[in-house]
Amino acid sequence: MSKLIIGNQKMYMNREDVISFVEMLKTVSCDDVIVCPSFPYLEYYKDVVKVGAQNVSTADNGAYTGEVSSSQLQSLNVPYCIVGHSERREYQKETDEEINQKINKLLEKNITPILCIGEKMEERQNKSTETVIKRELDADLKGLSTETVEKIIIAYEPIWAIGTGLTPTSEEIDDAMQFIKNYLKERLNVMNITVLYGGSVSEKNVDELNTIASIDGYLIGGASSKPDAFKYIIASQSK
Ligand code: 13P
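Residues numbered from 1 in each chain as written. Predicted model: local features only at pLDDT ≥ 70, side-chain atom pairs only at ≥ 80, totals over all residues. Heavy atoms only, no water.

(A) Local environment of empty space enclosed by the protein. The final tally for this structure, using the stated rule, is 1 cavity of 30 Å³ or more. Taken as a whole, the largest cavity spans an internal volume of roughly 50 Å³. Along its surface, the largest cavity is lined by Gly 84, His 85, Ser 86, Arg 89, Cys 116, Ile 117, Gly 118, Glu 136, Glu 157 and Ile 159. Residues of the lining of the largest cavity, tallied by class, amount to 3 nonpolar, 4 polar and 3 charged. (1 Å grid on protein atoms, 1.4 Å probe; cavity = no way out; pocket = protein on both sides within 12 Å on 5 of 7 lines; lining within 4 Å. Points joined across faces, edges and corners; volume = space filled by probe spheres on them. Nonpolar A, V, L, I, M, F, W, Y, C, P; charged D, E, K, R; others polar.)

Put into structure tokens, the structure is as follows:
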């Protein structure tokens, strides 16, 4: 079954790169594709593909220099937004409490949060992957109803796999996908949830990843800023 492709273009691209990327997207079918560029480029993509922001403020509006609110995203008709990416957890010291607030702000405006969770290398090595997943899901989704959680997209991104060329084995990815789905089912009676895999997804490994049925889609960093790689990944869904 074809998978949802979400590109997190991080801070990789300048205007010229974006313009040629948009031209590439015009040549492919983007039905199941979402691109999350830096804020200034959201408008560049909107006519050719669904877009998402990479972050949102915990505040509604006011004197918050450099922040972008959920109502501003709504006013631009941005339907998706990444929250809780490990880079923001690490560099901006984002806490689970703030991530929970951001999810609530987005849901209030009918914007779908794409929540990132995942363990560090030492946590994988000491076998606490599932503990980390549970802890993050509990804290980030705190107070949300079953129906609300079903609206959220979850991205399992092991931190050690991001930008490193390393990936868990197919079995380990499948285990994590199943674990997340089962945990949300047991905990919140969530029956329908989209769970993505992220971390060094590329044109080189996507064909193999496509064979893992429990993966509903991908959150792609580096390869989503390279037109040929992203085009290959999109095309791989219709093989
Ligand atoms: P890479 O695909 O570059 O490993 O990044 C993954 C990621 O962080 C997507 O959010």
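(B) Region of interest: the packing of helix H1 (residues 15-25) against helix H11 (residues 227-235). In the contact formed by H1 and H11, the axes pass within 10 Å of each other and the chain directions differ by 25 degrees. With respect to their mutual orientation, H1 and H11 come out roughly parallel. The hand of the H1/H11 crossing is right-handed. Judged by residue contacts, Phe 21, Met 24 and Leu 25 of H1 engage Pro 227, Phe 230, Lys 231 and Ile 234 from H11. Within the contact of H1 with H11, the residues separate by chemical class into 6 nonpolar, no polar and 1 charged. (Axes fitted to C-alpha atoms, helices over the stretch in contact; angles between N-to-C directions. Helix = DSSP H or I, 4+ residues; strand = E, 2+ residues; numbered from the N terminus. Parallel < 35°, antiparallel > 145°, perpendicular 65-115°, else oblique. Left-handed = near helix turned anticlockwise from the far one by under 90°. Contact = heavy atoms within 4.5 Å.)

(C) How the structure looks around the packing of aromatic side chains. This model, assessed by the stated rule, comprises 5 aromatic pairs. One aromatic cluster is present, formed by Phe 21, Tyr 45 and Phe 230 through successive ring pairs. (Phe/Tyr/Trp six-rings, centres within 6.5 Å; stacked < 30°, edge-to-face > 60°.)

(D) Representation of the site of the ligand in the model. Lining the immediate environment of the ligand, one finds 13 residues, of which Lys 10, His 85, Gly 163, Ser 200 and Gly 222 sit closest. One of the backbone N or O atoms of Ser 200 is found 2.7 Å from an oxygen atom in the ligand. A distance of 2.9 Å separates an oxygen atom of the ligand from a polar backbone atom of Gly 221. About the coverage of the ligand: the protein hides 97% of its 310 Å² of free accessible area. At a threshold of 2 Å from the grid points, most atoms of the ligand map onto the second largest pocket. Along the lines of polarity and charge, the residues of the shell around the ligand split into 4 nonpolar, 7 polar and 2 charged. (Near = heavy atom within 4 Å. Polar contact = N/O pair within 3.5 Å; in protein donor to acceptor, adjacent residues only side chain to side chain. Areas by Shrake-Rupley, 256 points an atom, 1.4 Å probe, with all protein chains shown as cover. Sits in = over half its atoms within 2 Å of the grid points.)

Purely geometric stuff here, so don't read any function into it on its own.
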